[in-house]
Amino acid sequence: MLRNLTILQFRSHRRAEIAFDGRPVAIYGPNGAGKTNILEAVSLLSPGRGLRRAQAEELMRRAEAVGWKLRATTDAHEIETSALPGEPRRVEIDGKAAPQVALAQILRVLWLVPSMDRLWIEGAEGRRRFLDRMVMSFTPAHAEATLTYEKAMRERNRLLKDMVRDPNWYHALEGQMAEAGAAIRANRTAALERIMAAQAGAATAFPAARLVLENQGPDDLAAALDANRGRDMAAGRTLEGPHRADLLATYVEKDAPAAQCSTGEQKALLISLILANARALAGEDVVLLLDEVAAHLDSGRRAALYDEICAMDAQVMMTGTGAELFEALGARGQYLEVVEGPQGSQVLEVEP
Ligand SMILES: Nc1ncnc2c1ncn2[C@@H]1O[C@H](COP(=O)(O)OP(=O)(O)OP(=O)(O)O)[C@@H](O)[C@H]1O
């Protein structure tokens, strides 16, 4: 689990040191105090751009703009990640420089944030990202397969745009895309099976979702890329492949597509998936970040959510309103109050 986190010059935080004691962490305080910024810091202990998909530069505290740094201690490792102005984010694990993807091996960080409330309604890209984060939590190497595929595809797209016709320019790239693409597909299929199995086996108040992958691309991607170069050249990009896949969910009990469910039901489906994801990872170091998830839930589901979180093997950190969190978690929670101070956000440990 994550034991300690030091946040330096990050968003609204000048310096915050937090020691986690293993209980679900309840973070509360006024609007804009810097609660979500703490969850965002934790999300950056995994590969990628974190739960707001921010650029490294945006994360620098505006007042000083000297760069930011996060230091974390888990049971087994020390993680440091930082960025200086104008530079990409860097990662060190146990004092040695490491590629970002190496973070996926240490903590399995999962999250739900309010910007995902319209996930089932909006475009496929958000769902694909959500899917790939779940997949990466099971198969850390998925992060690398995705990077390899996207890099090769970008180069292929450049050739297509430049109207390069010589097949020799394409062979190696398409080979890489086919190989990484097959891994991506297999990883995604396996992850969905694990999530659905975890849902089926759990005593949970959250609805079961049937998950299906659509638009995964042709079975023989190498042959399709080879055959469709002319069509792709006309479009100026690669039209088919796992980069177009979509995740469809059905609310099983009502046999309704997620996009047609009520706002609360859509949220319940997301919570159901993220809880199933965490359960399916039992035995791994899972950190589950829940930003204002209780909004849209009825009182029955809210109570169930808190009970399920407390019974889980995962380390949970959530934001919400103080009164509700105190009432729901009582002595089961660790409380952090975040307030805005003259020197930026202040994080206070509170005993209820
Ligand atoms: N790069 C930055 N430098 C300084 N402050 C920043 C930076 N980025 C965001 N902030 C500030 O952080 C605050 C938002 O923090 P955060 O999103 O954590 O709020 P919150 O406590 O979750 O609030 P809410 O309850 O409204 O969701 C805002 O006041 C914003 O101006």
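Residues numbered from 1 in each chain as written. Predicted model: local features only at pLDDT ≥ 70, side-chain atom pairs only at ≥ 80, totals over all residues.

(A) Local environment of helix α8 (residues 299-311). Spanning 13 residues, α8 covers 19 Å between terminal C-alpha atoms, matching the ideal 18 Å at 1.5 Å per step. Those residues of α8 that fall on the buried side of the exposure criterion are Arg301, Leu305, Tyr306, Glu308 and Ile309. Buried positions in α8, seen along its axis, are confined to an arc of 165° and lie on one side of it. Opposite the buried face of α8, by more than 90 degrees, sit the exposed residues Ser299, Gly300 and Ala311. The elements touched by buried residues of α8 are α7 (263-280), β13 (315-319) and α9 (322-329). (Helix = DSSP H or I, 4+ residues; strand = E, 2+ residues; numbered from the N terminus. Expected span 1.5 Å × (residues − 1). Buried ≥ 20, exposed ≤ 12 C-beta atoms within 10 Å, placed from the backbone. Arc of directions from axis to C-beta. Contact = placed C-beta atoms within 7 Å.)

(B) Representation of unusual backbone geometry in the model. Phi angles above zero are rare outside glycine, and Gln9 is one such case at about 55°. Note that Gln9 resides in strand β1 (residues 2-10). Owing to 21 C-beta atoms within 10 Å, Gln9 belongs among the buried residues under this scheme. Within the chain, Asn215 stands out as a residue other than glycine whose phi angle is a positive 55°. Residue placement: Asn215 occurs in the loop between β9 (209-214) and α5 (221-227).

(C) Main features of the sheet that holds strand β3 (residues 25-28). Spatially, 6 strands are ordered β8-β12-β13-β3-β14-β15 in an open sheet, and the strand pairing comes out mixed. With one partner strand each, in any of the chains shown, β8 (108-112) and β15 (344-350) form the two edges of the open sheet. Here the strands of the sheet are splayed against their neighbours by 20° on average, with no regard to which way each runs. Across the face of the sheet, helix α1 (residues 35-43) comes into contact with β3, β8, β12 (286-291), β13, β14 (334-341) and β15 while running at roughly 150° to β12. (Pairing = 2+ DSSP bridges. Axes fitted to C-alpha atoms, helices over the stretch in contact; angles between N-to-C directions.)

(D) Examining the UniProt feature "domain: AAA+ ATPase" (unreviewed entry) in the protein more closely. In the UniProt entry, the feature "domain: AAA+ ATPase" (unreviewed entry) is given for residues 21-343. Taken end to end, residues 21-343 comprises 40% helix and 19% strand; its first and last C-alpha atoms sit 26 Å apart. (UniProt positions renumbered as here; feature names shortened; annotations may be inferred.)

(E) Region of the structure containing the domain arrangement of the protein. Segmentation of the protein into domains returns domain 1 (1-107 + 285-352) and domain 2 (118-281). Spacing between the C-alpha centres of domain 1 and domain 2 amounts to 27 Å. In this assembly, 17 residues from domain 1 lie in contact with 15 residues from domain 2. Mapped by element, the contributors of at least two residues to the side of domain 1 that touches domain 2 are β12 and α8. Considering each element in turn, the side of domain 1 that touches domain 2 owes the most residues, 5 residues, to α8. (Domains from an automatic or database assignment.)

(F) Inspection of the site of the ligand at higher detail. Around the ligand, the surrounding shell holds 16 residues, and the nearest of these are Ser12, Asn31, Lys35, Thr36 and Asn37. Looking at the shell around the ligand, the element that brings in the most residues is α1, giving 3 residues. By residue class, the composition of the shell around the ligand is 3 nonpolar, 8 polar and 5 charged. (Near = placed C-beta within 6 Å. Nonpolar A, V, L, I, M, F, W, Y, C, P; charged D, E, K, R; others polar.)

(G) Representation of the packing of helix α2 (residues 124-138) against helix α4 (residues 168-200) in the model. Interaxial distance between α2 and α4 falls to 9 Å at its minimum, and their mutual angle equals 85°. The angle between α2 and α4 places the two elements in the roughly perpendicular class. For the pair α2 and α4, contact is made by Leu131, Met134, Val135 and Phe138 and by Asn187, Arg188, Ala191, Arg194 and Ile195, respectively. Residues of the contact of α2 with α4, tallied by class, amount to 6 nonpolar, 1 polar and 2 charged. (Parallel < 35°, antiparallel > 145°, perpendicular 65-115°, else oblique.)

(H) Spotlight on the UniProt feature "binding site: ATP" (unreviewed entry) in the protein. Under the feature "binding site: ATP" (unreviewed entry), the UniProt entry names Gly29, Pro30, Asn31, Gly32, Ala33, Gly34, Lys35 and Thr36. Of note, Ala33 is situated in the loop between β3 and α1. Non-local contacts of Ala33, meaning those with residues more than four positions away in its chain, are made with Val338, Val339, Glu340 and Ser345. Here Gly34 lies in the loop between β3 and α1. Judged by local crowding, Gly34 falls into the buried class, with 25 C-beta atoms found within 10 Å.

(I) Here's a closer look at the sheet that holds β9. Reading across from one edge, β9-β10-β11 is the order of the 3 strands in this open sheet, with antiparallel pairing throughout. The outermost strands of the open sheet, each flanked by one partner alone, are β9 and β11 (256-257). Where strand β10 (residues 246-251) meets β11, 2 bridges bridge the pair, whose relative direction is antiparallel. Its bridge partner being in β11, Thr250 is matched across the sheet by Pro257.

(J) View of the nonpolar core. Ranked by size, the top nonpolar core spans 88 residues in total, and within it Val42, Val287, Leu288 and Leu289 carry the most contacts. In terms of domain composition, this core takes at least three residues from each of domain 1 (1-107 + 285-352) and domain 2 (118-281). Among all residues touching Leu289, those that are not within four sequence positions of it are Leu39, Val42, Ser43, Leu51, Val109, Trp111 and Met317. (Core = buried A, V, L, I, M, F, W, Y, C linked by C-beta atoms within 7 Å.)

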